[in-house]
Amino acid sequence: MNKPESGWMSLDNSAKIYPAVTSRNWAAVFRVSVTLRETVEPETLQAALEDTVRRMPSFCLSLHRGLFWYYFDANRQMPRVEPDVANPCKKIDKKENGGYCFRVRYYRERIAVELFHSIADGTGAMVFIKTLAARYLQLRGFPFTAGEGVLDCDQPPQPVEWEDSHTRYARFQHIEGRREAKAYHPRMDRQPPPALRIITGTLPVEAVRDRARELKVTVNDYLAGVICYSFCRLQQAEGNRRQYPVKLSVPVNLRSYYPSETVRNFATFINPGVDPNYGEYAFEEIVQHIHHFMRLRLNEKYLNAVLSANVGNETNKAMRVVPLVFKNWAMAFGYRLYGESRYTAAFSNLGVIRVPSAMIPHVERFDFIMGPPRTNLHGATAVSYGGKLNLTLSSVADQTDAERLIFTELVKRGVPVTIESNRY
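Quick notes on the rules
- Residues numbered from 1 in each chain as written.
- Predicted model: local features only at pLDDT ≥ 70, side-chain atom pairs only at ≥ 80, totals over all residues.
- Heavy atoms only, no water.
- Buried < 20%, exposed > 50% of the residue type's maximum accessible area, 1.4 Å probe, protein only.
- Helix = DSSP H or I, 4+ residues; strand = E, 2+ residues; numbered from the N terminus.
- Contact = heavy atoms within 4.5 Å.
- Salt bridge = Lys/Arg side-chain N within 4 Å of Asp/Glu carboxyl O.
- Axes fitted to C-alpha atoms, helices over the stretch in contact; angles between N-to-C directions.
- Parallel < 35°, antiparallel > 145°, perpendicular 65-115°, else oblique.
- Left-handed = near helix turned anticlockwise from the far one by under 90°.
- Expected span 1.5 Å × (residues − 1).
- Pairing = 2+ DSSP bridges.

A. Helix 5 (residues 205-214), seen in detail. Those residues of helix 5 that fall on the buried side of the exposure criterion are V205, A207, V208, R211 and A212. Buried-residue contacts for helix 5 involve strand 8 (197-204), helix 6 (219-238), strand 14 (378-385) and strand 15 (388-395).

B. Seen up close, the pattern of salt bridges. Enumeration over the complete set of coordinates arrives at 31 salt bridges. Taking the shortest distance from any N to any O, the salt bridge between E38 and R140 comes out at 2.8 Å. Taken together, the residues span a long stretch of sequence, with E38 in the loop between strand 2 (29-36) and helix 2 (42-55) and R140 in the loop between helix 3 (122-139) and helix 4 (165-169) at a distance of 102 residues. A relative accessible area of 31% places R140 in the partly exposed class. Close ionic contact of E161 with R55 constitutes a salt bridge, the shortest N to O distance being 2.8 Å.

C. Fine view of the packing of helix 6 against helix 11 (residues 401-412). Remark: helix 6 packs on helix 11, axes separated minimally by 9 Å, with the N-to-C direction vectors making an angle of 130°. With respect to helix 11, the axis of helix 6 lies oblique. Seen from above, helix 6 lies across helix 11 with right-handed handedness. Residues Y222, L223, V226, I227, Y229, S230, F231, R233 and L234 of helix 6 form the contact with helix 11, whose participating residues are D401, A402, L405, I406, E409, L410 and K412.

D. How the structure looks around helix 11. Over its 12 residues, helix 11 extends 16 Å from the first C-alpha to the last, a length consistent with the 16 Å expected when each residue adds 1.5 Å. Here helix 11 has its buried residues at A402, E403, L405, I406, F407, E409 and L410. On its buried face, helix 11 is in contact with strand 8, helix 6, helix 7 (283-297), strand 14, strand 15 and strand 16 (418-421). Once helix 11 ends, the next one or two residues include G414, with phi positive near 90°.

E. Representation of the sheet that holds strand 3 (residues 61-65) within the structure. Read from one edge of the open sheet, three strands run 1-4-3, paired in antiparallel fashion. Each of the sheet's edge strands pairs with one partner strand only, and the pair in question is strand 1 (9-10) and strand 3. Sheet topology places strand 3 next to strand 4 (residues 70-74); five bridges connect them, and they run antiparallel. Pairing of R65 across the sheet is with Y70, part of strand 4.

By themselves, these observations are geometric and do not establish any function.
Structure, rendered in structure tokens:
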């Protein structure tokens, strides 16, 4: 296993696709943030960041292009904190950021981390920002104990935290195919980069949970149903003669199925949705359809077949000796066939965030934002903390019809929503 602070490190299986398919207009960047109950001191945050990257060396890396694969190399510089901006998740230029694949920003009480997806998934990013916030509070004189996904910066890094769990757990007993029908995509004008419209609705967790219980589904199923139903209505309003399936790309945290402690990527994706060619679906039908689709696929055997399909491409002996320039072409071609064209929007829910009890009085909220998609227009994320659920819709479309339909549907069904946005 490569040790990140001592030299080069290979990209994990999920990470390999992102450098190959990024473009001038697509960053593959997402963002997590924590809002404290006090104004952030930049100097203290800088010290906390330096301690955090020493504790989590898999973040202290720079990306390089090799002959056969991209690879990470240890970054000897220290990353620098910077003020926040109105349009987050801009493509990370290593010339501006000391070669790092992430940036840390601050604004008033908020600390935000924006990451290139090759570094970590949402779970790993949340470990990083919780550890960073905890270290910041500790340097401010507030004691805490590690736990609940917060690492102790006074302890040495552990090799299990930077393992590639994909290759460790793939069994290759069965390889799941990837063939799916093309999905619906709204007909809207795309804003030029780096514009990113962010609309966050804050919902009471109990209200959403009550609506989900009425239909005997999870909160995640219910929210996915609301989003899917709203895009179905959007497609109906367009009046297209040909109707396409409305599907969401939902990441599955594989740490729930395997005893992995990695803070790198360890997730796969499933695409629940409905096909309006079978007829018009009522809201309750869509929620139930998604619920049963998820239950059929959220089991270790099916997920391992998907995981094995992804790892199989990497371990193929012929593929390994193909020069990177041809690998990039093949991966970009495969992404066009099996990537965003096969779903309408991505929806990622990090669930309920927990922190050590000593941190609770100092933390107001958490947020999770998806960066601009490559070809699609919308992304949706959710995260819950302190009895509130923040549902964030990020978009590069000029129109806000999808966001309006989603939040209106929630209100209509008895879930109060408080809206905020980075646009007036």
